[in-house]
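Here is how the chains run, residue by residue.
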Amino acid sequence: MNNGAIGVFDSGVGGLTTVKELVKLLPNENIVYLGDTARVPYGTKSTDTIAKYARQDIAFLLKRDVKMILVACGTISSAMMHEPIFENVMIPHSGVVLPTAEAACKATKNKKIGVLGTSATVKSQSFANAIKAIDPEIEVTAKACPMFVPLVENGYTDRNCVVTKLIAEEYLDIMKKNDVDTLILGCTHFPHLHDVIQDIMGDGVKLISSGAELAKFAADALKKDNAFCDRQTEGKRELFCTDSVELFTETAATFLGKDNHAQIAKCTLKT
Ligand code: DGL
C-alpha cells in the first residue's frame, strides 16, 4: 500500500488524457499534474531543450510526495530514449512509447500501423523502433502533425470545425494511402481530435490513445507492486500550470468534465 500521489506531466493540456483515464481506472488515487503551458509546445524544440525542461518538470513533481511519475507526453517520452531525464530518480516512472507500441501491435490485423506525433517525436523514430522491436514485419507510417497541438490548446477540437478538418485531411492522406488499420495518437494532445480523425479514417481503423495506454500501464504497475492507496474516498486532483490559470481551467473542464473536482493553481518551475 502507498498513499503517495501519482505524478503526471506534459508540456500543456495533452497529458490530461492520461489523467482522465487514471480517474476512471483508479478513482481513489491522488493525482498531481503539471502542464508546462508557458513553454508549450515542446514538440518543435531540440532534444537538449526538451530534456532540460523535462528535468525541471520532474524536479517539481518530486517535491510533492509522488509514488510514481508518468511522462504523459509523446515528445518527452521520445526524447528520453536519447537523453536521460530520470537520473537519480528512485521511484517508478514510464513514458508513453512502450505501452502504446505494445497496444498497437496487439490491435493491428494487417500489420500496418500509422503514428501521428509532433515533429520531435516523428524525427526520433521512437514509436517505429519500439514497434519493430516487438514485430519487425510490421510496416510503420509516421507523420508529424505540428498544427494539431495549437488547435487543441486553443479548443479547436469539434468534429465539425472546418479548419481542423482541413488540416487533418492533409495530415491523414498518407495514412489512408498506406492502408493502416491501426493509428497511434502518439501525442497526448491528439485524442482531443479523436472524432475528427476517426471521421476521416473511417470506423475500420483503430485509434490508440497514447495517454490512455500510459494510464492502463500505470494501473497494472501499481497493482503488481501492491502500491495502490488504501483511501476509500475519491482522490484529490491537483493540477498545476505555468501560465494562465483561467485558460487552463477552461481547457481542463472541456477535457475532464465540468465537475472534475480538480484544484488548479499556477506554479513557477525552478530553472
Ligand atoms: N503533448 C505533447 C506530446 O504528447 C505535445 C505537445 C508539444 O508539442 O509540446 O507530444
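The preceding data block contains the structure.
Residues numbered from 1 in each chain as written. Predicted model: local features only at pLDDT ≥ 70, side-chain atom pairs only at ≥ 80, totals over all residues. Heavy atoms only, no water.

Further remarks concern the sheet that holds strand β3 (residues 66-71). Strand pairing in a sheet takes place through backbone hydrogen bonds and is either antiparallel or parallel in direction. Spatially, the six strands line up as an open sheet ordered β4-β3-β1-β2-β9-β10, and their pairing is parallel. With one partner strand each, in any of the chains shown, β4 (93-94) and β10 (262-266) form the two edges of the open sheet. Where β3 and β4 come together, two bridges link them in parallel fashion. Each residue of the ladder has a partner; that of I69, found in β4, is H93. (Pairing = 2+ DSSP bridges. Helix = DSSP H or I, 4+ residues; strand = E, 2+ residues; numbered from the N terminus.)

Within the element layout of this structure, A79 appears in helix α3 (residues 74-79). In this structure, A79 is in contact with T47 and I50, ignoring residues within four places of it in sequence. (Contact = heavy atoms within 4.5 Å.)

Take the pairing of strand β7 (residues 182-185) next. Each regular strand shows side chains that alternate between the opposite faces of the sheet. Burial along β7 is two-sided: the residues T182 and I184 and L183 and L185 are all buried. Relative to β7, strand β5 (residues 112-117) runs parallel, the two sharing four bridges. Across the sheet, the residue bridging to L116 is L185, located in β7. Of the pairings in the sheet, the one linking β7 to strand β8 (residues 206-209) comprises four bridges and is parallel in character. Bridging from a neighbouring strand, T182 pairs with K206 of β8. The β-α-β motif built from β7, the intervening helix α9 (residues 194-201) and the parallel element β8 has right-handed crossover chirality. (Buried < 20%, exposed > 50% of the residue type's maximum accessible area, 1.4 Å probe, protein only. Right-handed = clockwise from strand over helix to strand, strands pointing away.)

Residues in contact with the ligand amount to 14 residues; listed here are only the nearest, S11, Y42, G74, T75 and H189. At a separation of 2.8 Å, a nitrogen atom of the ligand approaches a polar side-chain atom of D10. With respect to the ligand, the backbone of G43 contributes an N or O atom lying 2.8 Å from an oxygen atom. The protein chains hide 99% of the 300 Å² of surface that the ligand would expose on its own. Across the shell around the ligand, the residue classes break down as six nonpolar, seven polar and one charged. (Near = heavy atom within 4 Å. Polar contact = N/O pair within 3.5 Å; in protein donor to acceptor, adjacent residues only side chain to side chain. Areas by Shrake-Rupley, 256 points an atom, 1.4 Å probe, with all protein chains shown as cover. Nonpolar A, V, L, I, M, F, W, Y, C, P; charged D, E, K, R; others polar.)

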